[in-house]
Amino acid sequence: KRNVLIIGAGGVAQVVAHKCAQNNAVLGDIHIASRTLAKCHAIIDSVHAKGSMQTKGVLQAHALDALDVEATKFLIRATHSQIVINVGSPFVNMSVLQACIDTGAAYMDTAIHEDPLKVCETPPWYANYEWKRREACKAAGVTAILGIGFDPGVVNAYARYAIDHHFDQVDSIDIIDINAGSHGRYFATNFDPETNFREFTSTVWSWENNAWKANQMFEHRKDWDMPVTGVSTTYLTGHDELHSMSQHLGVPNIRFWMGFGEHYINVFNVLKNLGLLSEQPVRTARGQEVVPLEVVKAVLPDPASLAPAYTGKTCIGDLVKGTKDGQPAEVLIYNVCDHEASYHEVGSQAISYTAGVPPVAAALLIAEGVWDVGGMVNVEELDPAPLIAQMNRMGLVTRIRHAAGDNVLDPVCPVA
Ligand code: NDP
């Protein structure tokens, strides 16, 4: 048993806690640490209310400022945790990673580290932060799996799977993220508004013809015919996974498309054009310094509060094109997740569900030694088959569509 320390107590952490509890016979003690202790307790109450604990065991809450490396190291040691799942805000990645390197615990996160005062740094973003600790991880024999949510995360594994099993040569990967759900609120983001808006407020990077291309948000629109969600409108968006996949896969074109409705775009544009999405502090007439983006975050609904009323489905996947046996070939590897079913099982909406299941699947693979690689990796560097098989067992099922219009939606059942 490895014992798991979960950092953060937001929507994704809620799913991670439930899924760890459902597998605690393998994972051992589960600890949840965040800035606000009450949020950790609320998650623990929800785990008990749903009866998620597989066997009787330890499930404990801790107050922690994860920017404090020494305090994080102390907690890792005190709880005898050998696996740390960091689902706090992306600002804490580097301090949690350092605590893992110093204590020998395996590390996972679901987003690239960010500096609160910088947006849109030079690509590839991983090179500005996490990859600088690659040698340190190797020297310490510490397994660090970067970006193991859904996107980044599972979509990286899908790309690897398509390359290994369906093509001789891949020309393009289009990652398509559709949320066809409805939360019934005037305006809300599906995860932390600060992190969410920072993805869209500046240059949008895509990987085209083996080079970075700078685009504007909402500059490129494309409609896709997706399984279950049907024809869905998306816009070219920058996203974390491009920053590692572009460096590891040898694929000349990798793009990320996110679905947006007209209403979201209108509200977003108003907020942005007024300067309310800026991460740079401004001074009010009363002399107070405020960060506009933090104010917007404070007035928007807490993403976790959307879950009870959320209906509809998400469909996220990789449309991969290339050649096989000299012929043009195309596959869409994807998952469909239902907001209501997610809420029923773990008390969260599907965006948190799809992000929270993969790190727990990875924790199980680390515990079994399958993914305990003793170094720093991005998901596309690992064998995707065990991850897909594990997620199928955990309720996040991977499917494949072999050609557009083909309605045979086979589950992918790799031999692990
Ligand atoms: P939330 O904002 O709901 O939760 C973040 C949590 O981190 C909060 O509990 C917060 O505590 C805690 N936190 C922030 N700073 C600190 C700190 N210094 N010390 C301790 N705890 C801290 O976010 P989500 O749960 O929606 O998302 C979590 C992560 O998952 C984010 O990095 C996000 O980018 C990523 N994500 C990844 C996805 C993927 O598919 N790859 C999809 C969705 C999200 P408090 O509330 O007390 O401030």
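Note that this is a predicted model, so its numbers are computed, not measured. (Residues numbered from 1 in each chain as written. Predicted model: local features only at pLDDT ≥ 70, side-chain atom pairs only at ≥ 80, totals over all residues. Heavy atoms only, no water.)

Novice: In this structure, what is going on with the packing of aromatic side chains? I would like to understand it.
Specialist: In this description, an aromatic ring pair is defined by two values, namely the gap between the centres and the angle between the planes. The full count for this structure, using the stated rule, is 13 aromatic pairs. Between tyrosine 126 and tryptophan 131, the ring centres sit 5.4 Å apart and the planes meet at 20°, which makes this aromatic pair stacked. As far as burial versus exposure is concerned, tyrosine 126 and tryptophan 131 are alike and both buried. Between the aromatic rings of phenylalanine 187 and phenylalanine 197, the centroid separation amounts to 6.3 Å while the plane-to-plane angle is 5°, which identifies the pairing as stacked. One end of the pair, phenylalanine 187, is in the loop between β7 (169-179) and α8 (193-198); the other, phenylalanine 197, is in helix α8, with 10 residues separating them in the sequence. Among the aromatic residues, ring-to-ring pairing joins Phe187, Phe197, Phe218, Tyr235, Phe260, Tyr264 and Phe268 into one connected group. Here lysine 50 stacks its cationic end above the ring of tyrosine 343, 5.7 Å away from the centre of that ring. (Phe/Tyr/Trp six-rings, centres within 6.5 Å; stacked < 30°, edge-to-face > 60°. Buried < 20%, exposed > 50% of the residue type's maximum accessible area, 1.4 Å probe, protein only. Helix = DSSP H or I, 4+ residues; strand = E, 2+ residues; numbered from the N terminus. Lys NZ or Arg CZ within 6 Å of the ring centre and 35° of its normal.)

Novice: Would you mind going over unusual backbone geometry with me for this structure?
Specialist: Note: most residues except glycine have negative phi, and most peptide bonds are trans. Looking along the chain, the bond that leaves proline 123 and enters proline 124 is cis, with omega of -5°. Structurally, proline 124 is set in the loop between β5 (106-109) and α6 (134-140). Omega for the bond connecting aspartate 151 with proline 152 falls within 30 degrees of zero, at 10°, which places this linkage in the cis form. Locating proline 152 in the fold gives a position in the loop between β6 (144-146) and α7 (154-166). Of note, histidine 80 is a non-glycine position whose phi angle comes to about 55°, a positive value. Structurally, the position occupied by histidine 80 is in the loop between α4 (69-78) and β4 (83-86). In this structure, aspartate 325 is a non-glycine residue whose phi angle is positive, near 50°. Mapping aspartate 325 onto the fold places it in the loop between β15 (313-324) and β16 (327-338).

Novice: Explanation requested: the sheet that holds strand β1 (residues 4-7) in the structure shown.
Specialist: Strands pair in a sheet through their backbones, by hydrogen bonds, and they do so in one of two ways: parallel or antiparallel. Across the sheet, which stays open at both edges, the seven strands sit in the order β3-β2-β1-β4-β5-β6-β17 with parallel pairing between neighbours. A single partner strand is all that each edge strand has here, and the edge strands are β3 (59-63) and β17 (376-378). Within this sheet the neighbouring strands show an average axis-to-axis angle of 20°, counted without direction. Inspection of the sheet shows β5 paired to β6 by two bridges, in the parallel sense. Residue pairing for β6: methionine 108 is matched across the bridge by isoleucine 145. Of the strands in this sheet, β1, β2 (30-34) and β4 are in contact with helix α1 (residues 11-22), which crosses β1 at around 165°. Strands β4, β5 and β6 of the sheet are contacted by helix α13 (residues 350-367), whose axis makes an angle of about 165° with β4. (Pairing = 2+ DSSP bridges. Axes fitted to C-alpha atoms, helices over the stretch in contact; angles between N-to-C directions. Contact = heavy atoms within 4.5 Å.)

Novice: Please clarify how the domain arrangement of the protein should be interpreted in this entry.
Specialist: When the domains of the protein are assigned, the result is domain 1 (4-149 + 351-394) and domain 2 (154-347 + 396-411). Relative to domain 2, the C-alpha centre of domain 1 lies at a distance of 22 Å. With 42 residues of domain 1 at the interface, the matching set in domain 2 holds 41 residues. A per-residue breakdown of the area domain 1 buries against domain 2 is headed by Ile351, Tyr353 and Glu380, which together make up 21% of the total. Run the count over domain 1 and domain 2 and you get one salt bridge. The closest approach of N and O atoms between lysine 19 and glutamate 345, which form a salt bridge, is 2.6 Å. (Domains from an automatic or database assignment. Buried area = accessible area lost by both parts, 1.4 Å probe. Salt bridge = Lys/Arg side-chain N within 4 Å of Asp/Glu carboxyl O.)

Novice: I keep staring at the site of the ligand and nothing clicks. Help me out?
Specialist: Neighbouring the ligand are 28 residues; Ala9, Arg35, Thr36, Lys39 and Ala66 lie closest to it. Within the contact set of the ligand, an oxygen atom lies 3.1 Å away from a backbone nitrogen or oxygen of glycine 11. Proline 152 is positioned such that a nitrogen or oxygen atom in its backbone is 3.2 Å from a nitrogen atom of the ligand. Coverage of the ligand by the protein amounts to 91% of the 930 Å² it exposes when considered alone. Tallied by class, the residues present in the shell around the ligand amount to 13 nonpolar, 10 polar and five charged. Summarising the domain contributions, the shell around the ligand has at least three residues from each of domain 1 (4-149 + 351-394) and domain 2 (154-347 + 396-411). (Near = heavy atom within 4 Å. Polar contact = N/O pair within 3.5 Å; in protein donor to acceptor, adjacent residues only side chain to side chain. Areas by Shrake-Rupley, 256 points an atom, 1.4 Å probe, with all protein chains shown as cover. Nonpolar A, V, L, I, M, F, W, Y, C, P; charged D, E, K, R; others polar.)

Novice: Would you take a moment to explain the pattern of salt bridges for this structure?
Specialist: Oppositely charged side chains can pair when the atoms bearing their charge come close. As enumerated under the stated definition, the model contains 13 salt bridges in all. Note that lysine 73 is salt-bridged to glutamate 70, the shortest N-O span being 3.2 Å. Taken as a pair, lysine 73 and glutamate 70 lie in helix α4 at a separation of three residues, close to a single helical turn. Here aspartate 223 makes a salt bridge to arginine 221, at a shortest N to O gap of 3.1 Å. By relative accessible area, which is 48% here, arginine 221 ends up partly exposed. Several salt bridges share partner residues, and in doing so they unite Glu70, Lys73 and Asp102 into one network.

Novice: Would you mind going over a nonpolar patch on the surface with me for this structure?
Specialist: Taken together, the side chains of Val270, Leu274 and Leu276 define a hydrophobic patch exposed on the protein surface, amounting to about 270 Å² of accessible area. As for its placement among the helices and strands, leucine 274 is situated in the loop between α10 (262-273) and β13 (282-283). Residue classification places leucine 274 among the exposed positions, given a relative accessible area of 61%. (Patch = residues over 30% accessible without salt bridge, like charges linked within 9 Å, V, L, I, M, F, W, Y side chains within 5 Å.)

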